[in-house]
Every structure is written in structure tokens, then in C-alpha cells.
Amino acid sequence: MTTHRKPIRVMLIDCRPLVLMGLQDLINARKPQMEVSGQATTYTNALDLADQLRPNVIFFSFFPDALNPLEVVAELTRNAEMKLLVLKGLYETVPVAQAIEAGARGIVLAEDPTESIIQAIITVHHRDTGLDRAWAGGLSGYSASGHIHLKGNLEQAKQARLTLRERELIRAIVGDPSAKYMCIAGRLGISEHTVHNHLSNIYQKLNLINRIDLLMYALKHGLTNNEKPPESAWVELDLASRRNKRV
């Protein structure tokens, strides 16, 4: 008895007809495994079309438009079932880190071999939504030219989603693990409420639960400017560990 899997429905967002045509031919050539379900040449049209079609994978290009592309990425990825891949040229200037933070699952170079592009669609479609959403065909970082290094480091992909302000907060916590949030807020020149909001975002991006988890993660992965973390950080971890063992 044969099983019939539904094709991966791919939506294309680009203002260049030749790019749309090339991607459509490439993807539709893989039927019934995958197919292009729709195309949009403006971000307004893309939002409407995505809402109607509910594609599995979205290929997204940055181009001049009335709408902010990063806000469009965030809106398109509100539905976790729609996985978004950013398509960029090798020498195109694209806000990669911000796109990933906004919800993009990864970056695909237009110059990549066609088989790599097909594999990116398959991989991102089947990737568990509970895992890190910054998968990029093995993305772990970018060179000065914008080229992708294929190293498959998920932790670096997680960390790429952190904003500069969030990294600054992590360094402040590692530097003084026992400091109250009010003190940290005053040191960074922000409100205590903002500190809590940043921490919530950090926990979500790094899949952590609380401040002790964050401290352990930061020390393990070197999320601090200091080559050697302060002794107080290790003491705080040791005390936390003892408390947990007694529970």
C-alpha cells in the first residue's frame, strides 16, 4: 500500500520577474514533492496571499517597498507552520541578524547550487517548530562578504538572534550575578520593566528557564567580554547547584 504525502507548498516573494520564474521552474520541477503555491511582488500582496494560501515555506527577498521588510517577516512568521527563508544575493546587503530575530528560519544564497536550495526547502519544512528557528542550511555565521559558513552550529544560530542590548544585559548579569534587577537597570540606563522584558526575550531565544540557567549558559558559551568570568559567577552557580540538590 503506497502512502501519498502532500507536496510542500512554497510561496515566493520577490519583485524581480526573472527570479520568480527561475525559482518557480526549479521548485515545480520537483513535483509532487514540492510546488509553488503562489507569488507576490509587493509586501502588501504577500501578506494577503500568505493569509489565504497558508504555505509551508516562504522564500522572502528584501526589496524597496512601502512596508518595512523586517515587520513583514515578523508578521508572516506569526504562524509557526509557515517557515520563512530569506533569499539573498552573495553581495546584497541584507540585515541577516535582524531577519532571523524577526522570525526567519534561515538564509539561502541565490548563487547556491540548485540542489542546495531544494534541500533547504525540505530541511526547513520538516524541522521541528520547537527547535531553534534560525536554521540556515547549517548557518553559523557570515564572512565580511556576506557569504554563509556552513558549520551547523545551532548554539551560534541561537545567539545570532540576540540584540546588542540583550547581550549587554547578559554581560551585566555575568559581571555581577547577585545584583538586583533595579541595580542592573540603573547601570544600563533602562527601566526595571525593560530589564524583565529583555530577559524574557533572552530566555525564549536561548530556550532557557531562569536567571541561573542564563548564567550557566553564558559562562559555558562565553557570552561575556571577559576571557575569564568573575569568581562571583562561579560561586553563584555553586550555591544554586547546592540549592537544587536539596530540593
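The structure reproduced in this document is the subject of the present report. Owing to the predicted nature of the structure, the values given are computational and were not obtained by experimental measurement. (Residues numbered from 1 in each chain as written. Predicted model: local features only at pLDDT ≥ 70, side-chain atom pairs only at ≥ 80, totals over all residues. Heavy atoms only, no water.)

1. What to know about the sheet that holds strand β5 (residues 106–109)
- On the basis of which strands lie adjacent, the open sheet formed by 5 strands has the order β2-β1-β3-β4-β5 and parallel pairing. In the strand order of this sheet, the two ends are held by β2 (34–40) and β5, each with one partner. Between one strand axis and the next, the sheet turns through 25° on average, direction left out of account.
- Where strand β1 (residues 8–13) lies against strand β3 (residues 57–60), 4 bridges are found, and the strand directions are parallel. Each bridged residue has a counterpart across the sheet, and for Met-11 the counterpart in β3 is Ile-58. (Pairing = 2+ DSSP bridges. Helix = DSSP H or I, 4+ residues; strand = E, 2+ residues; numbered from the N terminus. Axes fitted to C-alpha atoms, helices over the stretch in contact; angles between N-to-C directions.)

2. Regarding the environment of Glu-155
- Along the chain, Glu-155 turns up in helix α6 (residues 154–159).
- Judged by its relative accessible area of 24%, Glu-155 is partly exposed.
- Along the primary structure Glu-155 and His-221 are separated by 66 residues, whereas in three dimensions their C-alpha atoms are 8.5 Å apart. (Buried < 20%, exposed > 50% of the residue type's maximum accessible area, 1.4 Å probe, protein only.)

3. Quick look at the nonpolar core
- Met-11, Ile-13, Phe-60, Leu-76, Leu-84 and Val-86 are the most contacted members of the largest nonpolar core, which totals 24 residues.
- Mapped by element, the contributors of at least two residues to this core are β1, α2 (43–53), β3, α3 (69–76), β4 (83–88) and α4 (96–102).
- Contact partners of Phe-60, with chain neighbours within four places excluded, come to Ile-13, Tyr-43, Pro-69, Val-72, Val-73, Leu-76, Leu-84, Leu-85, Val-86 and Leu-87.
- In this structure, Ala-185, Leu-206, Leu-214 and Leu-215 belong to the second largest nonpolar core, which totals 23 residues. (Core = buried A, V, L, I, M, F, W, Y, C linked by side-chain atoms within 4.5 Å. Contact = heavy atoms within 4.5 Å.)

4. Describing the pattern of salt bridges
- Summed over the entire model, instances satisfying the criterion amount to 9 salt bridges.
- For Arg-165, the salt bridge is made with Glu-168, and the minimal N-O distance between the two is 2.5 Å. Here Arg-165 and its partner Glu-168 are both found in helix α7 (residues 164–175), 3 residues apart, which amounts to about one turn of the helix.
- Relative accessible area serves as the criterion here: at 28%, Arg-165 is assigned to the partly exposed category.
- As a salt-bridge pair, Lys-205 and Glu-166 come within 2.9 Å of each other at their nearest N and O atoms. One end of the pair, Lys-205, is in helix α9 (residues 192–206); the other, Glu-166, is in helix α7, with 39 residues separating them in the sequence. (Salt bridge = Lys/Arg side-chain N within 4 Å of Asp/Glu carboxyl O.)

5. Section: α2
- Inspection of α2 places Tyr-43, Ala-46, Leu-49 and Ala-50 among the buried residues, and these make up the whole buried set. Axial view of α2: buried residues confined to an arc of 115°, hence all on one face.
- Where α2 is buried, its residues touch β1, β2, β3 and α3.
- Where α2 ends, the next residue or the one after it, Arg-54, has phi of about 50°, a positive value. (Arc of directions from axis to C-beta.)

6. So, the packing of aromatic side chains
- Counted according to the given criterion, the structure contains 3 aromatic pairs.
- A ring pair is formed by Tyr-43 and Phe-63, whose centres lie 4.3 Å apart and whose planes are at 25°; its orientation type is stacked. Taken as a pair, Tyr-43 in helix α2 and Phe-63 in the loop between β3 and α3 lie far apart in primary sequence, 20 residues in all.
- Taken together, the ring pairs connect Tyr-43, Phe-60, Phe-62 and Phe-63 into an aromatic cluster. (Phe/Tyr/Trp six-rings, centres within 6.5 Å; stacked < 30°, edge-to-face > 60°.)

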